[in-house]
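Chain and residue survey
These are the residues of each chain, in order.
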Amino acid sequence: MVSNLSKLEEVNVLASGANWAWPEALRCIFRPRGVNLLVAEDAAEFVNIIGRRRIHTTIVDMDSEQSNGLATIRIIRMDYPLLPCILLTSAAGKSLLGKALRLDVFSVIDKPVDMHILRGQLNRLFMKKYDSSIFE
């Protein structure tokens, strides 16, 4: 199945920055599919980039040193309530999952991130939201 989305426009995913190999690992998933990875260091940068570029989903790290993941998603939701968000966390407890649900987070993924699980969630998200199999 050919992706409708990739034919129509560029595909942009915005992710939290990290001081480890995370951005490079994402590029390994995205580059072969022609998906652009943009990186934001804090909530203000997330909103700034979303305001300037068409972003198809965000991947927010709950444990980022620069900003709290849930606070970042709350800020994104103020102006972009329908933008899909995936949350990464090393502590996916009941309280966090409840908060993520209330913020309409598409998926919460445990860290360390299993890239097969992430790709599967991205595939689900893009099929549901954009009718695109770009991550298949």
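Below, the structure is looked at part by part.

Cut-off values and rules
- Residues numbered from 1 in each chain as written.
- Predicted model: local features only at pLDDT ≥ 70, side-chain atom pairs only at ≥ 80, totals over all residues.
- Heavy atoms only, no water.
- Buried < 20%, exposed > 50% of the residue type's maximum accessible area, 1.4 Å probe, protein only.
- Helix = DSSP H or I, 4+ residues; strand = E, 2+ residues; numbered from the N terminus.
- Pairing = 2+ DSSP bridges.
- Expected span 1.5 Å × (residues − 1).
- Polar contact = N/O pair within 3.5 Å; in protein donor to acceptor, adjacent residues only side chain to side chain.
- Phe/Tyr/Trp six-rings, centres within 6.5 Å; stacked < 30°, edge-to-face > 60°.
- Axes fitted to C-alpha atoms, helices over the stretch in contact; angles between N-to-C directions.
- Salt bridge = Lys/Arg side-chain N within 4 Å of Asp/Glu carboxyl O.
- Arc of directions from axis to C-beta.
- Contact = heavy atoms within 4.5 Å.

The element strand β1 (residues 11–16) is extensively covered by neighbouring structure, given that six of its six residues are classed as buried. With six bridges joining them, β1 and strand β2 (residues 35–40) adopt parallel strand pairing. Paired with Val13 across the two strands is Leu37, which belongs to β2. Two elements, β1 and strand β3 (residues 57–61), share three bridges in a ladder whose sense is parallel. Directly across from Leu14, in β3, lies its bridge partner Thr58.

Another aspect to go through is helix α6 (residues 115–130). A rise of 1.5 Å per residue sets the reference length of α6, with its 16 residues, at 22 Å; its end C-alpha atoms lie 21 Å apart and thus fit the reference within 8%. Regarding α6, the residues found buried are Leu118, Gln121, Leu122, Asn123, Leu125, Phe126 and Tyr130. Two or three places before His116, at the start of α6, stands the capping residue Asp114, its side-chain oxygen 2.8 Å from that residue's backbone nitrogen. After α6 finishes, the residue Asp131 shows a positive phi value of roughly 50 degrees.

Here the focus is the packing of aromatic side chains. Applying the stated criterion across every chain yields a total of three aromatic pairs. Summarising the aromatic geometry, the rings of Phe30 and Phe135 are spaced 5.6 Å apart at their centres and angled 65 degrees between planes, so their arrangement reads as edge-to-face. Placement of Phe30 in helix α2 (residues 22–30) and of Phe135 in the segment after α6 is noted, with a sequence separation of 105 residues between them. Note on Phe30: relative accessible area 1%, which makes it buried.

To continue, consider the sheet that holds strand β5 (residues 107–110). Read across the open sheet, the five strands follow the order β2-β1-β3-β4-β5; overall the sheet is parallel. A strand with exactly one partner marks an edge of an open sheet, and here the two such strands are β2 and β5. With strand direction ignored, the average angle separating the axes of adjacent strands in the sheet is 20 degrees. As judged from the four bridges shared by strand β4 (residues 85–89) and β5, these two strands associate in the parallel manner.

Before going further, it helps to examine the pattern of salt bridges. For the structure on display, the rule yields three salt bridges. Asp61 is paired through a salt bridge with Lys111; the nearest N and O atoms lie 2.9 Å apart. Note that Asp61 is positioned in strand β3 and Lys111 in the loop between β5 and α6, a separation of 50 residues in sequence. The shortest N-O distance in the salt bridge between Asp63 and Lys111 comes to 3.1 Å. On the criterion of sequence distance, the pair formed by Asp63 in the loop between β3 and α4 (69–79) and Lys111 in the loop between β5 and α6 is long-range, its members being 48 residues apart. With relative accessibility at 31%, the residue Asp63 sits in the partly exposed group. One salt-bridge network, held together by shared partners, links Asp61, Asp63 and Lys111.

What follows covers α4. Among the residues of α4, those classed as buried are Gly69, Leu70, Thr72, Ile73, Ile76 and Arg77. The arc that holds the buried residues of α4, viewed along the axis, is 155 degrees, so those residues lie on one side. When the buried face of α4 is taken as reference, the exposed residues oriented beyond 90 degrees from it are Met78 and Asp79. As for α4, its buried residues are in contact with α3 (43–52), β3, β4 and α5 (94–102). For α4, the N-terminal cap is Asn68; the gap from its side-chain oxygen to the backbone nitrogen of Leu70 is 2.8 Å.

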